Structures are given as structure tokens and as C-alpha cells.
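# What the coordinates show
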Amino acid sequence: MMNNGMPSYEERLRNPNLSIIDFEYIALHPEAKAAIWERYLTDIVFKVKLNECMKNDLLFAFRFQEAFKSYLDRGMRR
């Protein structure tokens, strides 16, 4: 089951067309952005996969940048 707008690894294996982030979910549940951002900062495997998605899919990259603009603009880093 999806957790905070992020399908699990198993869900993505079962459905290869599933995105690593469900942008429709986070549009309806903006509180999920904090969990995704935290995972982005702390989970290197997730970050690498996300960066790979952004590199290979310009629409995904645009949607990520729009969804997480406030985090990116503030330069929220640990």
C-alpha cells in the first residue's frame, strides 16, 4: 500500500509504470511533501532513484521541482 505518496518498492515491481512519487496524491495531501523531502534527504537509494527519474523524464523533473519548490528555494539541507 502506498505510504505518503510514495509507492513501495514491491508496488513498483508489480507495476513498472508506477512513478516513484504520486504527484496527484501529494497535491491532495500537501503534508506528504515533508515525508518525501525527509526521505530524499536521508535515504540515499531513494535520492539516487529520484535523481535518475529526473534525469530521464523531464516532465517528472518539472513536477518534482514545482511540488518541492519551497523546499528547494529554502535550500533545506541537513
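Residues numbered from 1 in each chain as written. Predicted model: local features only at pLDDT ≥ 70, side-chain atom pairs only at ≥ 80, totals over all residues. Heavy atoms only, no water.

Once that is clear, we can look at the overall build of the protein. Counting its regular elements, the protein contains 6 helices and 0 strands. Each helix and strand of the protein, placed in order from N terminus to C terminus, yields the pattern α-α-α-α-α-α. Computed over the C-alpha atoms, the radius of gyration of the protein is 12 Å, within 12% of the 12 Å expected from 2.2 N^0.38 for a compact globule of 78 residues. For the protein, the spread of C-alpha atoms along the three principal axes comes to 35 × 25 × 25 Å. With 78 residues in all, the protein has 29% of them scored as buried. For the protein, long-range pairs separated by at least 24 residues make up 53% of all intrachain contacts whose partners lie at least 6 apart in sequence. For the protein, the computed accessible surface area is about 5,500 Å², with 55% contributed by carbon and sulfur atoms. (Helix = DSSP H or I, 4+ residues; strand = E, 2+ residues; numbered from the N terminus. Rg over C-alpha atoms; globule rule 2.2 N^0.38 Å. Buried < 20%, exposed > 50% of the residue type's maximum accessible area, 1.4 Å probe, protein only. Contact = heavy atoms within 4.5 Å. Areas by Shrake-Rupley, 256 points an atom, 1.4 Å probe, with all protein chains shown as cover.)

Now for the pattern of salt bridges. Across all of its chains, the model carries 4 salt bridges by this definition. Put simply, Lys49 and Glu52 hold a salt bridge, and the shortest N to O gap is 3.7 Å. With a gap of 3 residues between them, Lys49 and Glu52 both fall in helix α4 (residues 44-56), about one helical turn apart. Judged by its relative accessible area of 31%, Lys49 is partly exposed. The residue Lys69 makes a salt bridge to Asp73 at a minimum N-O spacing of 3.2 Å. Here the residue Lys69 and the residue Asp73 both occupy positions in helix α6 (residues 69-74), the gap between them amounting to 4 residues, near one helical turn. For Lys69, a relative accessible area of 44% translates into the label partly exposed. Of the residues examined, Asp73 reaches a relative accessible area of 56% and is grouped as exposed. (Salt bridge = Lys/Arg side-chain N within 4 Å of Asp/Glu carboxyl O.)

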